[in-house]
Amino acid sequence: MEARKRSKAAAKAAGRSLENDLVEVFRQHGLSAHRLGLQGSHDKGDVKVELAPDHVFEAKNCRTLSLTQWWREALRECENAQAHYAWVVHKRHGVSDPSEQWITTTTGQVADLLTEITRLRKYVLELQQDRSDGRGSPDQAVIAD
């Protein structure tokens, strides 16, 4: 069975829909996010999360997976944005919940991210310990889980 072809306008609308869904998921989790406009060969991804400027999100709403091609595009856009993390968000067809779509990245990037989270958690615990010992400044901001 041959894959259905869709018009360029329909493909763009599908992509926009997934981008809007992704923005909404981030916002529901308390993150400030917005869609990015096309910038030609200097594209910097499809969605930006304000508190995560080193992350590039490339959204794909296609029935046929082309992960290698999408990953190359995400890496190019990551480089354009001078970012560290690239994420390919792809639509799970038949799944309408925006928070249940798939994300592809590399194990190395996940390991880097988990290392960063671990480092930040240790830092927060040290700040909390310093505060409870009376060594911390009373106006010192502490990040809570």
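Anything mentioned here points back to the structure above.
Please read these numbers as outputs of a predicted model, since none were measured by experiment.

1. A word on the layout of surface pockets
(1) Moving on: One number sums up the size of the largest pocket: a volume of about 860 Å³.
(2) Moving on: Lining the largest pocket are 28 residues, with Arg6, Ala11, Lys12, Asn61 and Cys62 sitting closest to its centre.
(3) Moving on: Of all elements in the fold, only helix H1 (8-28), strand S3 (55-60) and helix H2 (67-80) reach the threshold of two or more residues within the lining of the largest pocket.
(4) Moving on: With six residues, H1 is the largest single contributor of residues to the lining of the largest pocket.
(5) Moving on: In this structure, the second largest pocket spans a volume of roughly 470 Å³.
(6) Moving on: Along the walls of the second largest pocket sit 15 residues, with Ala52, His55, Trp87, Leu113 and Ile117 positioned nearest its centre.
(7) Moving on: Broken down by secondary-structure element, the contributors of at least two residues to the lining of the second largest pocket are S3, strand S4 (85-90) and helix H3 (107-132).
(8) Moving on: The element that contributes the greatest number of residues to the lining of the second largest pocket is H3, accounting for four residues.
(9) Moving on: Classifying every residue of the lining of the second largest pocket by side-chain character gives twelve nonpolar, one polar and two charged.

2. Let's talk about the environment of Ser7
(1) Moving on: With respect to the helices and strands, the residue Ser7 is situated in the segment before H1.
(2) Moving on: For Ser7, a relative accessible area of 43% corresponds to the partly exposed category.
(3) Moving on: Separated by 3.0 Å, the side chain of Ser7 and the backbone nitrogen of Ala10 make a polar contact.

3. A look at the nonpolar core
(1) Moving on: Within the largest apolar cluster, eleven residues are counted, these being Leu22, Val23, Phe26, Ala33, Val47, Val49, Ala52, Phe57, Tyr85, Trp87 and Val89.
(2) Moving on: Elements with a contribution of two residues or more to this core: H1, strand S2 (47-49) and S4.
(3) Moving on: Discounting residues that sit within four places of it in the chain, Phe26 has contacts with Leu31, Ala33, Val47, Val49 and Phe57.
(4) Moving on: In this structure, Trp70, Ala74, Cys78 and Val88 belong to the second largest nonpolar core, which totals eight residues.

4. Points about the pattern of salt bridges
(1) Moving on: Under the criterion given, the structure shown has five salt bridges.
(2) Moving on: In this structure, Glu19 and Arg35 form a salt bridge, with 2.7 Å as the shortest nitrogen-oxygen distance. One end of the pair, Glu19, is in helix H1; the other, Arg35, is in strand S1 (residues 33-35), and 16 residues separate them in sequence.
(3) Moving on: Look at Glu19 and you get buried, because its relative accessible area is 10%.
(4) Moving on: Exposure remark for Arg35: the relative accessible area of 34% places this residue in the partly exposed category.
(5) Moving on: Of the charged contacts in the structure, one is a salt bridge between Glu100 and Arg92, with a shortest N-O distance of 3.9 Å.
(6) Moving on: Connected through salt bridges with shared partners, the residues Glu58, Lys60 and Glu73 form a single ionic network.

5. Quick look at the packing of aromatic side chains
(1) Moving on: Scanning all chains against the criterion turns up two aromatic pairs.
(2) Moving on: For the ring pair Phe57 and Trp87, a centre distance of 6.3 Å and an interplane angle of 10° mean the geometry is stacked. With Phe57 in strand S3 and Trp87 in strand S4, the pair connects residues that are 30 residues apart, well separated along the chain. We note that Phe57, like Trp87, is buried.
(3) Moving on: Ring-pair connections join several aromatic residues into one group, and the members of that group are Phe26, Phe57 and Trp87.

Parameters at a glance
Residues numbered from 1 in each chain as written. Predicted model: local features only at pLDDT ≥ 70, side-chain atom pairs only at ≥ 80, totals over all residues. Heavy atoms only, no water. 1 Å grid on protein atoms, 1.4 Å probe; cavity = no way out; pocket = protein on both sides within 12 Å on 5 of 7 lines; lining within 4 Å. Points joined across faces, edges and corners; volume = space filled by probe spheres on them. Helix = DSSP H or I, 4+ residues; strand = E, 2+ residues; numbered from the N terminus. Nonpolar A, V, L, I, M, F, W, Y, C, P; charged D, E, K, R; others polar. Buried < 20%, exposed > 50% of the residue type's maximum accessible area, 1.4 Å probe, protein only. Polar contact = N/O pair within 3.5 Å; in protein donor to acceptor, adjacent residues only side chain to side chain. Core = buried A, V, L, I, M, F, W, Y, C linked by side-chain atoms within 4.5 Å. Contact = heavy atoms within 4.5 Å. Salt bridge = Lys/Arg side-chain N within 4 Å of Asp/Glu carboxyl O. Phe/Tyr/Trp six-rings, centres within 6.5 Å; stacked < 30°, edge-to-face > 60°.

Distances and angles like these do not, on their own, reveal function.
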